[in-house]
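Per-entry structural report
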Amino acid sequence: QVQLVESGGGLVQAGGSLRLSCAASEGTFSTYTMGWFRQAPGKEREFVAHISRSGITTAYADSVKGRFTVSRDNAKNTVYLQLNSLKPEDTAVYYCAASRNLYTSEIANYDYWGQGTQVTVSS
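Here's what I pulled together on the structure shown here. What you see is a predicted model; the values in this text were computed from it and never measured.

A look at the overall build of the protein
The number of helices and strands found in the protein is zero helices and eleven strands. Ordering the α and β elements of the protein from the N terminus gives β-β-β-β-β-β-β-β-β-β-β. The C-alpha extent of the protein, read off along each of the three principal axes, is 40 × 25 × 25 Å. Here the protein holds 123 residues, and 46% of them are scored as buried. A separation threshold of at least 6 residues defines the contact pool for the protein, and within that pool the share at least 24 residues apart is 58%. Here the protein has roughly 6100 Å² of accessible surface; of this, 46% comes from carbon and sulfur atoms. Averaging the positions of the 11 positive and the 10 negative side-chain charges in the protein gives two centres separated by 5 Å.

The following block contains the structure:
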């Protein structure tokens, strides 16, 4: 039902910042838990962060906690991921996803996925 379109990826030096955006296509956006995941070369897709329907509650993977911030603007049907203090090991394709029913970090519980956006961090 919902289409997710990501943007904001790119090439950045270690220590730099990027802001990723994911725009949803329709007005039920506010009913979804929104998640961010990433997949690095040679690794499986992993959880990065998620945010509750209201935006009040967030959760982060230990590897990004304190550096990344997830937020959402329900009026704009958009979720964001602010990436600060980037490290080469953050290099990955970043995906946003929507869960209709659950506040969750599990990939299997997400119903809709974006196409992904490449983040590359150079040393």
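Let us keep going from here.
Some details on the state of the cysteines
Taken as a whole and assessed by the stated rule, the structure comprises one disulfide. A disulfide bridge connects Cys-22 with Cys-96, and the sulfur atoms are separated by 1.8 Å. Between Cys-22 and Cys-96, the disulfide has an S-S torsion of 40 degrees and is therefore right-handed. In this pair, Cys-22 sits in strand β3 (residues 18-24) while Cys-96 sits in strand β9 (residues 92-99), placing the two residues 74 residues apart along the sequence. The pair Cys-22 / Cys-96 is uniform in exposure class, with both members buried.

Section: the packing of aromatic side chains
Aromatic ring pairs are reported here in terms of the distance separating the ring centres and the angle at which the planes meet. For the structure shown, the criterion picks out five aromatic pairs. Measuring from ring centre to ring centre gives 6.0 Å for Tyr-32 and Tyr-112, while their planes differ by 55 degrees; the resulting arrangement is tilted. Here Tyr-112 lies in strand β10 (residues 112-113) and Tyr-32 lies in the loop between β3 and β4 (33-39), a separation of 80 residues in the sequence. A single burial state applies to Tyr-32 and to Tyr-112, both of which are buried. Between Phe-37 and Trp-113, the aromatic rings sit 5.0 Å apart at their centres with planes inclined by 50 degrees, giving tilted as the arrangement. Of this pair, Phe-37 sits in strand β4 while Trp-113 sits in strand β10; the two residues are 76 residues apart in sequence, bridging distant segments of the chain. The class for Trp-113 is partly exposed, based on a relative accessible area of 27%. Within the aromatic cluster, the residues linked to one another by ring pairs are Phe-37, Phe-47, Tyr-110 and Trp-113. A cation over a ring is seen here: Arg-19 above Tyr-80, with NZ or CZ 4.0 Å from the ring centre. One cation-aromatic arrangement involves Arg-72 over Phe-29; the distance from NZ or CZ to the ring centre is 4.4 Å.

Cut-offs and rules
Residues numbered from 1 in each chain as written. Predicted model: local features only at pLDDT ≥ 70, side-chain atom pairs only at ≥ 80, totals over all residues. Heavy atoms only, no water. Helix = DSSP H or I, 4+ residues; strand = E, 2+ residues; numbered from the N terminus. Buried < 20%, exposed > 50% of the residue type's maximum accessible area, 1.4 Å probe, protein only. Contact = heavy atoms within 4.5 Å. Areas by Shrake-Rupley, 256 points an atom, 1.4 Å probe, with all protein chains shown as cover. Lys, Arg positive; Asp, Glu negative; His and termini not counted. Charge placed at Lys NZ, Arg CZ, Asp CG, Glu CD. Disulfide = S-S within 2.5 Å. Phe/Tyr/Trp six-rings, centres within 6.5 Å; stacked < 30°, edge-to-face > 60°. Lys NZ or Arg CZ within 6 Å of the ring centre and 35° of its normal.

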